[in-house]
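Analysis of the macromolecular model
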Amino acid sequence: MQIEFYKYQGTGNDFVIIDNRDGNFDSKNIDLVSYLCNRRMGIGADGLMLLEKHKAEEVAFTMRYYNSDGKEASMCGNGGRCIAAFAVKVGAADPSKPFYFEAVDGMHIAKYNNGIVSLQMTDVKTIDINDGYYFLDTGSPHYVAHKSNIDTLDIVKIGRQIRHSDTFKPAGTNVNIVEEIAPDHIKVRTYERGVEDETYSCGTGVVASAISTFTKNNECRDFNIDVKGGRLQVWFEGDTAGGFKNIWLTGPATFVYKGNITV
Ligand SMILES: N[C@H](CCC[C@H](N)C(=O)O)C(=O)O
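As annotated in an unreviewed UniProt entry, the protein chain carries the name Diaminopimelate epimerase and is attributed to Saccharicrinis fermentans DSM 9555 = JCM 21142. Annotation of the protein chain in UniProt includes, under Catalytic activity (unreviewed entry), the sentence "(2S,6S)-2,6-diaminopimelate = meso-2,6-diaminopimelate". A UniProt comment under Subunit (unreviewed entry) is attached to the protein chain, and it reads "Homodimer."

Encoded structure:
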């Protein structure tokens, strides 16, 4: 069987995207999804997304996200930005105005402008402040710690230990290490659950890192964020006591190539 796919990347977080509006993709097949994401035996990606029809006229599409382990997962911020760009490319969304799509964590608004996508993320009602780290859910669960000289750290070793620790069993967590460069400028490295490696960028992770930095410093709500794969912007409203809303993640969402694979 032939499967047509599109490869996208958002600041180095890369994805296989399949137009599944006809419903023909075998969406319960964990082995198929993990094969397609495999960087040696398949196409290679951090995750895979299906663009599917939505029952409501005013909603452009439904997004389904899978980690590269093949399992359907929680929300992917960079994936949301990339599937929004893909929807414009295949005519599933009108870029002349903001459009809605539904994902596992609810409805999102996307704005597309010449390869840059701004995505409204789900509200964050609470943030746990612990000894040496923050924990919050931005559509996916995130552990966030603030360190210096983070380029020297073994993120995979640190991330794997935390992700599999008893504290976060059984679901685990994504792990973000943040370095503060200026009040409105941070650098983030992320170990991603379900990829089980450091990724070049994690959208829900940089949102969690920005909100944690506000909680730590009570200063900025509008951040430039350096990640391995480039630069993202995050801004939001609210505060630690009342929760955070109107949270936006902005950055490039790039079409890499289109292909067919025989499975
Ligand atoms: N690996 C994450 C989902 C993808 C998050 C990341 N790729 C993003 O851009 O938000 C998890 O299982 O919680």
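1. As for helix H4 (residues 203–217)
When the terminal C-alpha atoms of H4 are compared, their 21 Å separation across 15 residues agrees well with the 21 Å that a helix rising 1.5 Å per residue should span. Of all 15 residues in H4, 13 are buried, a share of seventy percent or more. Note on H4: the residue one or two positions beyond its end, Asn-218, has a positive phi of about 50 degrees.

2. Considerations on the site of the ligand
Around the ligand, a shell composed of 16 residues is seen, among which Asn-174, Glu-192, Arg-193, Gly-203 and Thr-204 lie nearest. The separation between an oxygen atom of the ligand and a polar main-chain atom of Asn-78 is 3.1 Å. Taking 360 Å² as the accessible area of the ligand by itself, protein coverage stands at 100%. One can see that the ligand is located within the largest cavity. For the shell around the ligand, the secondary structure elements donating two or more residues are strand E4 (59–67), helix H2 (77–89) and H4. Grouping the constituent residues of the shell around the ligand by class yields 5 nonpolar, 9 polar and 2 charged.

3. Some remarks on the layout of surface pockets
What the largest pocket holds in volume is close to 240 Å³. Together, 14 residues line the largest pocket, and Arg-39, Ala-45, Asp-46, Val-195 and Asp-197 are the ones closest to its centre. If you list the elements that add at least two residues to the lining of the largest pocket, you get helix H1 (30–37) and strand E13 (197–199). Ranked by the residues each element gives to the lining of the largest pocket, the list is headed by E13, at 3 residues. Classifying every residue of the lining of the largest pocket by side-chain character gives 4 nonpolar, 5 polar and 5 charged. A volume near 180 Å³ is recorded for the second largest pocket. If you go around the second largest pocket, the residues you meet are Met-1, Gln-2, Ile-3, Glu-4, Ile-18, Asp-19, Asn-20, Asp-22, Asn-24 and Phe-25. Every element with two or more residues in the lining of the second largest pocket is listed here: strand E1 (2–10) and strand E2 (13–19). Per element, the largest residue contribution to the lining of the second largest pocket is 3 residues, and it comes from E1. When its residues are assigned to classes, the lining of the second largest pocket shows 4 nonpolar, 3 polar and 3 charged.

4. Quick notes on the UniProt feature "binding site: substrate" (unreviewed entry) in the protein chain
With numbering aligned to this structure, UniProt lists the feature "binding site: substrate" (unreviewed entry) at Asn-13, Asn-67, Gly-77, Asn-78, Asn-174, Glu-192, Arg-193, Gly-203 and Thr-204. From the list above, the largest cavity is lined by Asn-13, Asn-67, Gly-77, Asn-78, Asn-174, Glu-192, Arg-193, Gly-203 and Thr-204. Counting through the fold element by element, Asn-13 comes out in strand E2. Aside from chain neighbours lying at most four places away, what touches Asn-13 is Tyr-8, Asp-46, Cys-76, Asn-78, Glu-192, Thr-199, Tyr-200, Ser-201 and Cys-202. Assignment of secondary structure puts Thr-204 in helix H4. Every residue in contact with Thr-204, bar those within four places of it in the chain, is listed here: Met-75, Cys-76, Gly-77, Met-121, Thr-138, Ser-140 and His-142.

5. Some points on empty space enclosed by the protein
One pass over the full model with this rule turns up 2 cavities of 30 Å³ or more. Along the walls of the largest cavity sit 16 residues, with Tyr-65, Asn-67, Met-75, Ser-140 and Glu-192 positioned nearest its centre. A breakdown of the residues in the lining of the largest cavity according to their chemical character gives 5 nonpolar, 9 polar and 2 charged. Looking at which domains feed residues into the lining of the largest cavity, each of domain 1 (2–121 + 253–262) and domain 2 (128–246) supplies at least three. One number sums up the size of the second largest cavity: a volume of about 40 Å³. Lining the second largest cavity are Val-188, Arg-189, Thr-190, Glu-198, Thr-199, Tyr-200, Ser-201, Cys-202, Val-206, Val-227 and Lys-228. Counting residues per element, the ones that place at least two in the lining of the second largest cavity are strand E12 (185–192) and E13. A per-element tally of the lining of the second largest cavity places E12 first, with 3 residues.

Cut-offs used in this document
Residues numbered from 1 in each chain as written. Predicted model: local features only at pLDDT ≥ 70, side-chain atom pairs only at ≥ 80, totals over all residues. Heavy atoms only, no water. UniProt positions renumbered as here; feature names shortened; annotations may be inferred. Helix = DSSP H or I, 4+ residues; strand = E, 2+ residues; numbered from the N terminus. Expected span 1.5 Å × (residues − 1). Buried < 20%, exposed > 50% of the residue type's maximum accessible area, 1.4 Å probe, protein only. Near = heavy atom within 4 Å. Polar contact = N/O pair within 3.5 Å; in protein donor to acceptor, adjacent residues only side chain to side chain. Areas by Shrake-Rupley, 256 points an atom, 1.4 Å probe, with all protein chains shown as cover. 1 Å grid on protein atoms, 1.4 Å probe; cavity = no way out; pocket = protein on both sides within 12 Å on 5 of 7 lines; lining within 4 Å. Sits in = over half its atoms within 2 Å of the grid points. Nonpolar A, V, L, I, M, F, W, Y, C, P; charged D, E, K, R; others polar. Points joined across faces, edges and corners; volume = space filled by probe spheres on them. Contact = heavy atoms within 4.5 Å. Domains from an automatic or database assignment.

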